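Inside the fold
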Amino acid sequence: MTIRDVVRLLDAEILCGEEHLDTEIHTACGSDMMSDVLAYVKDQSVLLTGLLNPQVVRTAEMMDMLCIVFVRGKRPEQEVIDLARSKGIVLLSTEKRLFVACGILYTNGLGG
Amino acid sequence: MQCIRLEYDVDGENFSSAGNASESVKRTLKQMGVAPGSVRRVAIAMYEGEINMVIHAHGGKAVVEIYPERVDIYLKDSGPGIENIELAMKAGYSTATESIRSLGFGAGMGLPNMKKYSDEMRIDSTVGVGTTVFLRVNFE
Ligand SMILES: Nc1ncnc2c1ncn2[C@@H]1O[C@H](COP(=O)(O)OP(=O)(O)O)[C@@H](O)[C@H]1O
Ligand SMILES: [Mg+2]
């Protein structure tokens, strides 16, 4: 699927990175512990999280991830959005909870 | 042998800027055409070390030496030091506070991650004086 499909499936708001919506993605991970993401993730392109601080963007950047989805309707501060934009990372915000958002993407073919 | 030497001050008072040095190293290696897998290993190992300097040691200095076939990283701080290095290296061991945990760090996976993603790792630490972590990553 593409990031555009994630937007549709999660009924998400696009916070930045509109120009990258047609990028293909194959895998995702959901976590609130960044060290776990750094430890176990391999070539995942989407990070779903309930955390909002700049280190979420940096973690995604270190892992070469393409898209971050903030769950439970959360939105980060402008500083975080600007950081993501400067790195070409797409930021999305969905009202859905972490478990539900991951489940929807998994059911629709995104791998772990 | 040619070597590129980079030096960074890691600000211990600013959690938001933690990772700046690692990011800069990642960008430099990428520009030099180093294999993406190697770039990522360096980035993750150094990033965990940089975060540790900020959350455990009030910041410090990072020196990075880039050779044609590897990177050597020295992370030096004047923080509290590590009393029991063997214990600190255990997956899940952490002295981080709840407020650090709520930021997504403090799972006790940093040092194990650094070990996992580097080819060589050494910790020199003296309680009350500080800690120097050495990381070497050989390119694929
Ligand atoms: N630079 C450092 N200075 C002092 N103590 C450190 C440093 N790095 C790590 N430690 C100690 O080692 C423990 C384990 O580190 P780590 O595996 O990165 O886990 P975490 O950072 O999640 O606590 C830390 O909780 C801390 O007590
Ligand atoms: Mg750590």
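No experiment lies behind these values; they were computed from the predicted model shown. One numbering rule holds for all chains: residues counted from 1, following each sequence as written. Chain letters and ligand numbers both follow the written order, the letters beginning at A and the numbers at 1. It should be noted that, the model being predicted, local features are given only for residues of pLDDT at least 70 and side-chain atom pairs only at 80 or more, the latter also being counted only at that level, while totals for whole chains, interfaces and linings use all residues. Note that water and hydrogens are dropped before the side-chain values are worked out from all heavy atoms of the structure.

Here we come to the site of ligand 1. Residues and elements named next belong to chain B. Throughout this document, a residue counts as near a molecule or strand when at least one of its heavy atoms sits within 4 Å of that molecule or strand. Taken together, 19 residues form the shell around ligand 1, and within it His56, Ser94, Thr95, Gly108 and Leu111 come nearest. Whenever two N or O atoms come within 3.5 Å, that pair is a polar contact, provided that in protein one can donate a hydrogen and the other can accept it, and provided that, for residues adjacent in sequence, both atoms are side-chain atoms. At 2.9 Å, a side-chain N or O of aspartate 77 approaches a nitrogen atom of ligand 1. Alanine 107 has a polar backbone atom sitting 3.2 Å from an oxygen atom of ligand 1. Under the convention used here, a 1.4 Å probe and the Shrake-Rupley method define accessible areas, while residue burial counts only the protein chains that appear. A total of 530 Å² of accessible area belongs to ligand 1 in isolation, and the protein chains cover 95% of it. Residues are said to line a cavity or pocket when one of their atoms sits within 4 Å of a point; the points come from a 1 Å grid over protein atoms alone, cavities being sets where a 1.4 Å probe fits but cannot get out and pockets being open sets with protein on both sides within 12 Å along at least five of seven lines. A molecule is counted as occupying a cavity or pocket when more than half of its atoms fall within 2 Å of that pocket's grid points. In a pocket analysis with a 2 Å cut-off to the grid points, ligand 1 is assigned to the largest pocket. Strands here are runs of E lasting at least two residues and helices are runs of H or I lasting at least four, both read from the DSSP assignment and numbered beginning at the N terminus. Looking at the shell around ligand 1 element by element, the count peaks at four residues for helix α2 (residues 36–57).

Let's shift gears to the pattern of salt bridges. By definition, a salt bridge exists where a carboxyl oxygen of Asp or Glu is found within 4 Å of a side-chain nitrogen of Lys or Arg. According to the stated counting rule, one finds 19 salt bridges over all chains in the structure shown. Residue glutamate 23 of chain B is joined to arginine 58 of chain A by a salt bridge in which the shortest nitrogen-to-oxygen separation is 3.0 Å. Separated into two different chains, glutamate 23 of chain B in helix α1 (residues 20–31) and arginine 58 of chain A in helix α3 (residues 54–62) make up a pair that spans both. Comparing glutamate 23 of chain B with arginine 58 of chain A, the two get one shared label, buried. Residues joined by salt bridges that share partners form a network here, namely Arg5, Glu7, Asp9, Lys61 and Glu65 of chain B. Note on exposure labels: buried denotes an accessible area under 20% of the residue type's maximum, exposed denotes more than 50%, and partly exposed covers the range between, all computed with a 1.4 Å probe on protein chains only.

Leaving glycine out, the prevailing phi sign among residues is negative, and the prevailing peptide bond configuration is trans. Residues and elements named next belong to chain A. The phi angle at aspartate 11 is positive, at roughly 50°, despite the residue not being glycine. Position of aspartate 11 relative to the elements: it lies in the loop between α1 (3–9) and β1 (13–16). Here arginine 72, not a glycine, exhibits a phi torsion of approximately 55°, which is positive. Along the chain, arginine 72 falls in the loop between β4 (67–70) and α4 (78–86).

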